[in-house]
Amino acid sequence: MSISPDDPDLTLDPSDWDALRARAHTMLDAALEEMQRKPGGPVWQEPPEALKALFDRDLPVEGLGPDVVSQDMQALLPHGVGNTHPRFFGWVHGSGTPAGVVAEIAAAAMNANLGGRDHGAIYVEKQVMRWCRELFGFPEGSSGLIVSGTSMATIIALKAARDRALGFASRTEGVGAARLVGYTSTQTHACVARAFDMLGLGSDALRRVPVNAAYEIDTTALADAIARDRAEGLTPFAIIGTAGSVDLGAIDDLAALARIAAREDLWFHVDGAFGALAVLSEQLRPRLAGMERADSLAFDFHKWMHVNYDAGFVLIRSEEAHRRAFSDRPGYLQGATRGLAAGNPWPVEYGPELSRGFRALKVWAQIAEFGTARFGALIDRNCAQAAYLADAVRADPALELMAPVALNICCFRYLAPEAMAAEQDHLTEELVIALHLRGTAAPSTTTINGQKAIRVNITNHRTGFADLDLFLEEVRAVAADLIAGMGRNTG
Ligand SMILES: *Cc1c(COP(=O)(O)O)cnc(C)c1O
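Residues numbered from 1 in each chain as written. Predicted model: local features only at pLDDT ≥ 70, side-chain atom pairs only at ≥ 80, totals over all residues. Heavy atoms only, no water.

- The chain goes by Cytochrome D ubiquinol oxidase subunit I in an unreviewed UniProt entry, where it is assigned to Arenibacterium halophilum.
- Taken from UniProt, the Sequence similarities (unreviewed entry) comment for the chain reads in full: "Belongs to the group II decarboxylase family."
- Per its UniProt entry, the chain bears the Cofactor (unreviewed entry) comment "pyridoxal 5'-phosphate". (UniProt positions renumbered as here; feature names shortened; annotations may be inferred.)

## Considerations on the pairing of strand β7 (residues 296-300)
Part 1 of the argument: Among the five residues of β7, five are classified as buried, and the element is accordingly described as predominantly covered.
Part 2 of the argument: Taking every second residue as pointing to the same face, both faces of β7 are buried, with Ser 296, Ala 298 and Asp 300 on one and Leu 297 and Phe 299 on the other.
Part 3 of the argument: Pairing analysis gives three bridges linking strand β6 (residues 267-271) to β7, with the strands arranged parallel. When the bridges of β7 are listed, His 269 appears paired with Ser 296.
Part 4 of the argument: Summarising the sheet, β7 and strand β8 (residues 312-316) pair through five bridges and their orientation is antiparallel. Following the sheet pairing, Phe 299 is matched in β8 by Phe 313. (Buried < 20%, exposed > 50% of the residue type's maximum accessible area, 1.4 Å probe, protein only. Helix = DSSP H or I, 4+ residues; strand = E, 2+ residues; numbered from the N terminus. Pairing = 2+ DSSP bridges.)

## What about the pattern of salt bridges?
Part 1 of the argument: Inspection of the entire model under this criterion finds 26 salt bridges.
Part 2 of the argument: When the shortest N-O distance is used, the salt bridge between Arg 394 and Asp 391 registers 2.8 Å. One end of the pair is Arg 394 and the other is Asp 391, both in helix α13 (residues 372-394) and three residues apart, which spans about a single turn.
Part 3 of the argument: If you follow the salt bridges from partner to partner, you end up with Glu 33, Glu 34 and Arg 37 in one network. (Salt bridge = Lys/Arg side-chain N within 4 Å of Asp/Glu carboxyl O.)

## Details of the sheet that holds strand β5 (residues 235-242)
Part 1 of the argument: Here we have seven strands laid out as an open sheet, ordered β2-β8-β7-β6-β5-β3-β4, and mixed in their pairing. Sheet topology places β2 (143-147) and β4 (206-209) at the edges, where each strand pairs with a single neighbour. Averaged over all adjacent pairs, the angle separating strand axes in this sheet is 20°, with direction ignored.
Part 2 of the argument: Packing against the sheet, helix α6 (residues 150-165) makes contact with β2, β3 (180-185), β5, β6, β7 and β8, and its axis sits at approximately 175° to β6. (Axes fitted to C-alpha atoms, helices over the stretch in contact; angles between N-to-C directions. Contact = heavy atoms within 4.5 Å.)

Spelled out as structure tokens, the structure:
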């Protein structure tokens, strides 16, 4: 068979639409079946060799055809990260929704590019933008952009902060000899230092201020650090607070940070990747006071709002600073007042990406279908679950709680017997690996004050309290096995 450009039927569209329709329905059924079945199966399983082989083929010059491709995709379906399972507790992952699949179908069919222009999809993103403003108490004139996640949102926000500090000349001249420094706590997510790196400031220009006993930034130490840097001729430009720290869920005193930023004339950014959405809970909202005064806020829809991966948002108080940090409109991107090139300003003027997919639709659909109150209730439940787990840990002398539970994260460990105290961290690591391999639960690990911890993060609308009971039973059983094994090896 040879493929000729002269063939009038040469296209990527199906020759038989009914066959495509049947194939699409089959895939939809298989996908939903997998989602429905997931809670009863393992959280995670190691990708089998047979699966890896499907994705280790030679580059197809002639296509494999629809049947093979559909089969391979169906074989892939059960091999997710596990975050659609009620006992996925690792890192910070949202758990997604079956309803999200419906929005993805419509988005894929429209195949919209949201870099700009005047078309339906743009209005969906603008709606999400207005909802975000309202949700976080940002003013009418603020701007925002749907992005892949908080990492990208942070880069965009801090670029606006950097450029404003340098009168926007940095866009053409670079940062030159300007010695900009920013401030955050030792608990801040690594994406902030990475943004400093990518923005040419260097990650050393991000000062890591110590935290108090609640793992919140020490505001006295912060003020001291700013004064010290000013005395040394450096130029402080930003404070980065955290609403829900990645290790422990700690929330900085955002009102105090807002006050210091205002007094010092610094840009105030908040990393609220998951914690910012705690504003949806009546109970938790007061703890985020001050966030509404931020110059910028980065957060994810794919974590505590369970939008299927990926979707985050950057919200910026000053639309002008935001636009001036990114806008340039070369000849081939000129807008118009009428026609398809209308709809100014375009989203491309607020971020580094020109081609942008239609993430807005799944975000809009999630919020529109479920409403904010339901997310708030689920957030409250996750926090109650972390507290419940901490109580159970405290009640068991074999377990040790390693930090206070601030929000939805509980860090603990299974204590090694006295004779094996030197192998405590090893036991903790092996325990988590064993849980993963058994497929019963998927916590992750972190290091707290130099010691390994089992880290249970609950951003999961499927988790029940019984899942936590079962999880702890598994922890005890696996630990007993491991300790017996370690005893044999050392004895
Ligand atoms: C997840 C997370 C990030 C990074 O967000 P991505 O969406 O993964 O890019 C940043 N900060 C905190 C506190 C997080 O939990």
